[in-house]
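Next come the chains, spelled out residue by residue.
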Amino acid sequence: MKNNVRNERVALKLTQEDLAKKIGVSRQTINAMESNKYIPSTVLALKVAQVLGKKVEELFSLDETD
């Protein structure tokens, strides 16, 4: 799974820590998500999308191997 979380977060001038606090997770979770080491749950993906003002489909997409 690919994601566009980092680009959208930076565009809003949010740090990983800022985003983490807004959705109730650790900064390490945001880092792992942005590094494609962690695939978020549906609930977490929806929270990220809400904070970033995007649709889930605009942030996350399937890879050819998915």
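Keep in mind the model is a prediction, meaning the values are calculated, not measured.

(A) Representation of the overall build of the chain in the model. Each helix and strand in the chain was counted, giving 5 helices and 2 strands. Moving toward the C terminus, one meets the helices and strands of the chain in the order β-α-α-α-α-α-β. The C-alpha atoms of the chain give 11 Å as radius of gyration, which agrees with the globular expectation for 66 residues (11 Å, within 12%). Dimensions of the chain, computed from C-alpha atoms along their principal axes, come out at roughly 30 × 20 × 20 Å. When the 66 residues of the chain are sorted by exposure, 33% land in the buried category. The contacts of the chain with a sequence gap of at least 6 include a subset with a gap of at least 24, amounting to 56%. In the form shown here, the chain has an accessible surface area of approximately 4,400 Å², with 49% of it arising from carbon and sulfur atoms. Of the side-chain charges in the chain, 11 are positive and 9 negative, and the distance between the mean point of each set is 7 Å.

(B) Spatial organisation of unusual backbone geometry. In the Ramachandran plot, lysine 13 falls in the positive-phi region, its phi being about 60° despite a non-glycine side chain. Examined against the element boundaries, lysine 13 turns out to sit in the loop between helix H1 (5-11) and helix H2 (16-23). Unlike most non-glycine residues, asparagine 36 shows phi in positive territory, near 60°. Considering the arrangement of structural elements, one finds asparagine 36 in the loop between helix H3 (27-34) and helix H4 (42-52).

(C) A look at the UniProt feature "domain: HTH cro/C1-type" (unreviewed entry) in the chain. Per the UniProt record, the feature "domain: HTH cro/C1-type" (unreviewed entry) sits at residues 5-59. Counting secondary structure, residues 5-59 comes out at 69% helix and 0% strand; the distance between its end C-alpha atoms is 6 Å.

(D) Representation of empty space enclosed by the protein within the structure. Scanning the entire structure with this criterion turns up 1 cavity of 30 Å³ or more. A volume near 40 Å³ is recorded for the largest cavity. Of the residues assigned to the lining of the largest cavity, the class counts are 6 nonpolar, 2 polar and no charged.

(E) Structural view of the side chain of glutamate 34. The residue glutamate 34 is located in helix H3 in this model. With a relative accessible area of 6%, glutamate 34 lands in the buried category. Among the polar contacts listed, one links the side chain of glutamate 34 to the side chain of arginine 9, at a separation of 2.6 Å.

The rules behind these values
- Residues numbered from 1 in each chain as written.
- Predicted model: local features only at pLDDT ≥ 70, side-chain atom pairs only at ≥ 80, totals over all residues.
- Heavy atoms only, no water.
- Helix = DSSP H or I, 4+ residues; strand = E, 2+ residues; numbered from the N terminus.
- Rg over C-alpha atoms; globule rule 2.2 N^0.38 Å.
- Buried < 20%, exposed > 50% of the residue type's maximum accessible area, 1.4 Å probe, protein only.
- Contact = heavy atoms within 4.5 Å.
- Areas by Shrake-Rupley, 256 points an atom, 1.4 Å probe, with all protein chains shown as cover.
- Lys, Arg positive; Asp, Glu negative; His and termini not counted.
- Charge placed at Lys NZ, Arg CZ, Asp CG, Glu CD.
- UniProt positions renumbered as here; feature names shortened; annotations may be inferred.
- 1 Å grid on protein atoms, 1.4 Å probe; cavity = no way out; pocket = protein on both sides within 12 Å on 5 of 7 lines; lining within 4 Å.
- Points joined across faces, edges and corners; volume = space filled by probe spheres on them.
- Nonpolar A, V, L, I, M, F, W, Y, C, P; charged D, E, K, R; others polar.
- Polar contact = N/O pair within 3.5 Å; in protein donor to acceptor, adjacent residues only side chain to side chain.

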